[in-house]
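Listed below, chain by chain, are the residues.
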Amino acid sequence: MQSDIELLIQQLQDTSLSGLVSDKTITSDTHLQHGTAHPISPMKNSSPLACTIQPKTSNEVLLLTLLHESEAANITLKRRVIELQAANVLNEMYCNMLRGQLAKQEEKGRKGKGKGKLMGDGLPRLLSSDEFYEKVVVCEEAQKKAVAEKKLKKAEREQRAEALVTWKKLEEKRKIDNKARRAEYHAAMQWWREVKAVAKAEKRKFNEEQPRLGKLPQAIPRPTIDVQEEDDEGDDSGEEEIVVNEDEDSSEDERDV
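Residues numbered from 1 in each chain as written. Predicted model: local features only at pLDDT ≥ 70, side-chain atom pairs only at ≥ 80, totals over all residues. Heavy atoms only, no water.

### Points about the overall build of the chain
Right, on to step 1. Each helix and strand counted, the chain has six helices and zero strands in total.
Right, on to step 2. Listing the helices and strands of the chain from first to last along the sequence gives α-α-α-α-α-α.
Right, on to step 3. The proportion of buried residues among the 257 residues of the chain is 12%.
Right, on to step 4. A separation of at least 24 residues holds for 71% of the contacts in the chain among residues at least 6 apart in sequence.
Right, on to step 5. Accessible surface for the chain amounts to roughly 21300 Å². Of this, 55% is attributable to carbon and sulfur atoms. (Helix = DSSP H or I, 4+ residues; strand = E, 2+ residues; numbered from the N terminus. Buried < 20%, exposed > 50% of the residue type's maximum accessible area, 1.4 Å probe, protein only. Contact = heavy atoms within 4.5 Å. Areas by Shrake-Rupley, 256 points an atom, 1.4 Å probe, with all protein chains shown as cover.)

This is the structure we're talking about:
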C-alpha cells in the first residue's frame, strides 16, 4: 500500500498537479494547471431506424440488446464527463479566489515582517562582522526615523486639535454677535413701524430712515491640516467633529434684509 502511494506521488510530480505533492510551500505564485474545457456534443437519442427493427433470430435479439446497452452506457459516460468538466471549472474559479486571498495575506505578512529585528531567520550571526554592524546601523536609523515621524504626526494632531478649538470659539462668538445684531435690528424695525403708523394716523410727514441690518460676518472656514495617520498606531485623538451650516446665516440675512 505504501509503495502504491509513493508511486502515485511520483507520477503526480510529472504532471501539472506537482504543486500538490511538492515539498515546497504553496504560495500565491504556485500555479495549478487545470484541464482545458473541451466542447461536448449534445446527447442524441437512438436512431429511429434501430427502434423499428424486428429481430427474427436470437443473434439479432442479442445484438439489438447490446446496442441499447451501449447507447445507455455512452449517455451515462457523457453525463459524467459533463459533471467532471463542470466541477473542474468551479475548482479553477475557487483556486483563483484562494490565490488572491493568499497574495493579500503574503503582502500583509511582508509589511509587518522584520520590525525591530535585525535577522529574521533565527540563524546565528557573528556580532563583530561588518555585515552585522551595518545592519545594526541601518536598524537604528530606521527606528530613530520612525520615532521622529511619530512625534511629528502627534504634534500635527495636537496642532489640528488646537486649531479646531480656536475655530469653534470664533464661530460661537460670531453666531452670538450676529444674533445680537439681528435682535437689535428687529427691535429697531418694530419701533420704526410703530412711529410710521402714528405719523400716518396723524397725517404728518414721516422722515425717519428705515433701519438696515447690513451684511453679517460669514462663517469662518474650518481649518484643514493634512495628517496621514498610521494604521498600526491605533491612536484616537478624540477630536470633535464640528459641522457648521454655512447657509444658515446667509438665509437669515436674506429674510431680514
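### A closer look at the pattern of salt bridges
Right, on to step 1. The tally for this structure, following the rule as stated, stands at four salt bridges.
Right, on to step 2. Across the pair Arg80 and Glu83 runs a salt bridge, and its minimum N-O distance is 3.2 Å. With Arg80 and Glu83 both in helix α4 (residues 58-111), this residue pair falls three residues apart, about one helical turn.
Right, on to step 3. The exposure class assigned to Glu83 is partly exposed, which follows from its relative accessible area of 48%.
Right, on to step 4. As a salt-bridge pair, Arg204 and Glu202 come within 2.6 Å of each other at their nearest N and O atoms. (Salt bridge = Lys/Arg side-chain N within 4 Å of Asp/Glu carboxyl O.)

### Details of helix α5 (residues 130-201)
Right, on to step 1. Here α5 spans 105 Å end to end across 72 residues, near enough to the 106 Å set by a 1.5 Å rise per residue.
Right, on to step 2. Of the residues one or two after α5, Lys203 is the one with positive phi, at around 55°. (Expected span 1.5 Å × (residues − 1).)

### Regarding unusual backbone geometry
Right, on to step 1. For Lys203, which is not a glycine, the phi torsion comes out positive at approximately 55°.
Right, on to step 2. You can see Lys203 is positioned in the loop between α5 and α6 (247-256).
Right, on to step 3. Taking relative accessible area as the criterion, Lys203 reaches 80% and is therefore assigned exposed.

### Structural notes on the packing of aromatic side chains
Right, on to step 1. This structure, assessed with the given rule, holds one aromatic pair.
Right, on to step 2. Taken together, a centroid distance of 5.9 Å and an interplanar angle of 65° make the contact between Trp192 and Phe206 edge-to-face. Remark: Phe206 occurs in the loop between α5 and α6 and Trp192 occurs in helix α5; sequence separation between them is 14 residues.
Right, on to step 3. Since its relative accessible area comes to 11%, Trp192 is described here as buried. (Phe/Tyr/Trp six-rings, centres within 6.5 Å; stacked < 30°, edge-to-face > 60°.)

### Some words on a nonpolar patch on the surface
Right, on to step 1. Side chains of Ile40, Val81 and Ile82 sit close together on the surface and give an oily, nonpolar patch of about 210 Å² of accessible area.
Right, on to step 2. Here Val81 is to be found in helix α4. (Patch = residues over 30% accessible without salt bridge, like charges linked within 9 Å, V, L, I, M, F, W, Y side chains within 5 Å.)

### Some details on the confidence of the model for the chain
Right, on to step 1. For the chain, the mean per-residue pLDDT works out to 76, and 68% of the residues sit at or above 70.
Right, on to step 2. Of all helices and strands in the chain, the one with the weakest mean pLDDT is α6 (50), whereas α5 scores best (89).
Right, on to step 3. Across residues 227-248, confidence stays below pLDDT 50; counting only partners more than four residues off in sequence or on other chains, it has 28 contacts. (pLDDT = per-residue confidence, 0-100.)

### Side note on the environment of Thr76
Right, on to step 1. With respect to the element layout, Thr76 can be found in helix α4.
Right, on to step 2. A residue is classified by how much of its surface remains accessible, and Thr76, at 52% relative accessible area, is exposed.
Right, on to step 3. C-alpha of Thr76 to C-alpha of Met43: the two residues are 33 residues apart in sequence and 9.8 Å apart in space.

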